[in-house]
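So the chains spell out like this:
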Amino acid sequence: MNKLVDNYIANAKLWKEELLAIRKILLETELVEDYKWSTPCYTHNNKNIVIIAPFKTYFALGFFNATAINDSANLLIKAGANTQSGRQLRFKDCKEILDKRAVIKKYIKEAISIQDTNIVDTTKPAAPVVEVEELSTIFKSDVAFKKAFESLTPGRQRGYLIYFSGAKQAETRLTRIEKYRDRILAGIGITDCTCGLSKRMPSCDGSHKLLNKN
């Protein structure tokens, strides 16, 4: 049991009973309890398997690599339009968690097996192409910026494209592009750490918030 998770549950204002219930089930499996991205996360052989995700209207157990799981109960939910392999088991109360105890353990066991054997889901469709007209226009007159963007990993490129295209107005898209210009030129992804405090380099784990408190 992780002490950070103890503190997280003790200070939870919502879903405390559900947190205790799901934690008990998770600790009965082969998973190791950790604390990442300011929430309880469970791993196997140092690989992320599931993460606890409490929301305002529902409580979720998020699976990192769920598309290869045989969802025989048809319970796994895609969190968002741009979500790739992640899926969620959602609950509305503690009773629902306890009622699905066997399913939770079954899916976790399969997720561990998938991770250990590196099973790749070949049925997963390719990620849709995200286009940002304003960015393409800027690239035509700013070769250095275009080169820097194309030097980013595909995942980092996609992260920026999804964020830029998420704005409905062209003016807002341009503002977003300009705001992140320096990060792109420096080869930094939109979710990468820039303060140097993250324990999950290169990803940001929220440690930069400590700087704002000092």
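Residues numbered from 1 in each chain as written. Predicted model: local features only at pLDDT ≥ 70, side-chain atom pairs only at ≥ 80, totals over all residues. Heavy atoms only, no water.

1. Things to note about the sheet that holds strand β5 (residues 87-91)
An order of β1-β2-β3-β4-β5 is seen for the five strands of this open sheet, with the pairing classed as antiparallel. Only two strands of the sheet have a single partner each, and these edge strands are β1 (32-36) and β5. The average angle at which neighbouring strand axes cross in this sheet is 25°, direction not considered. Relative to strand β3 (residues 47-54), strand β2 (residues 39-44) is paired through four bridges, and the arrangement is antiparallel. (Pairing = 2+ DSSP bridges. Helix = DSSP H or I, 4+ residues; strand = E, 2+ residues; numbered from the N terminus. Axes fitted to C-alpha atoms, helices over the stretch in contact; angles between N-to-C directions.)

2. Some words on the packing of helix α2 (residues 16-27) against helix α4 (residues 101-117)
Where α2 contacts α4, the two axes come as close as 10 Å, and the packing angle between them is 50°. With respect to α4, the axis of α2 lies oblique. Here the hand of the crossing between α2 and α4 comes out right-handed. Contacts between α2 and α4 involve Ile22, Lys24, Ile25 and Leu26 from the first element and Arg101, Ile104, Lys105 and Ile108 from the second. Here the contact of α2 with α4 is built from residues that sort into five nonpolar, no polar and three charged. (Parallel < 35°, antiparallel > 145°, perpendicular 65-115°, else oblique. Left-handed = near helix turned anticlockwise from the far one by under 90°. Contact = heavy atoms within 4.5 Å. Nonpolar A, V, L, I, M, F, W, Y, C, P; charged D, E, K, R; others polar.)

3. Some remarks on the packing of aromatic side chains
In the structure shown here, the tally under the stated rule is ten aromatic pairs. Between Phe139 and Phe149, the aromatic rings sit 5.5 Å apart at their centres with planes inclined by 45°, giving tilted as the arrangement. Of this pair, Phe139 sits in helix α5 (residues 133-141) while Phe149 sits in helix α6 (residues 143-151); the two residues are ten residues apart in sequence, bridging distant segments of the chain. Judged by relative accessible area, Phe139 falls into the buried class, the value being 11%. Relative to Phe164, the ring of Tyr163 lies with its centre 6.2 Å away and its plane at 50°, an arrangement referred to as tilted. Taken together, the ring pairs in this structure connect Tyr160, Tyr163, Phe164 and Tyr180 into an aromatic cluster. In this structure, Arg176 packs its charged tip against the face of Tyr163, placed 4.2 Å from the ring centre. Taking NZ or CZ as reference, Arg181 lies 4.4 Å from the ring centre of Phe145, over its face. (Phe/Tyr/Trp six-rings, centres within 6.5 Å; stacked < 30°, edge-to-face > 60°. Buried < 20%, exposed > 50% of the residue type's maximum accessible area, 1.4 Å probe, protein only. Lys NZ or Arg CZ within 6 Å of the ring centre and 35° of its normal.)

4. Examining the side chain of Arg173
Here Arg173 lies in helix α8 (residues 170-179). A polar atom in the side chain of Arg173 sits 2.9 Å from the backbone oxygen of Ala167. The contact partners of Arg173, leaving out residues within four places of it in the chain, are Val132, Glu134, Phe164, Ser165, Ala167 and Lys168. (Polar contact = N/O pair within 3.5 Å; in protein donor to acceptor, adjacent residues only side chain to side chain.)

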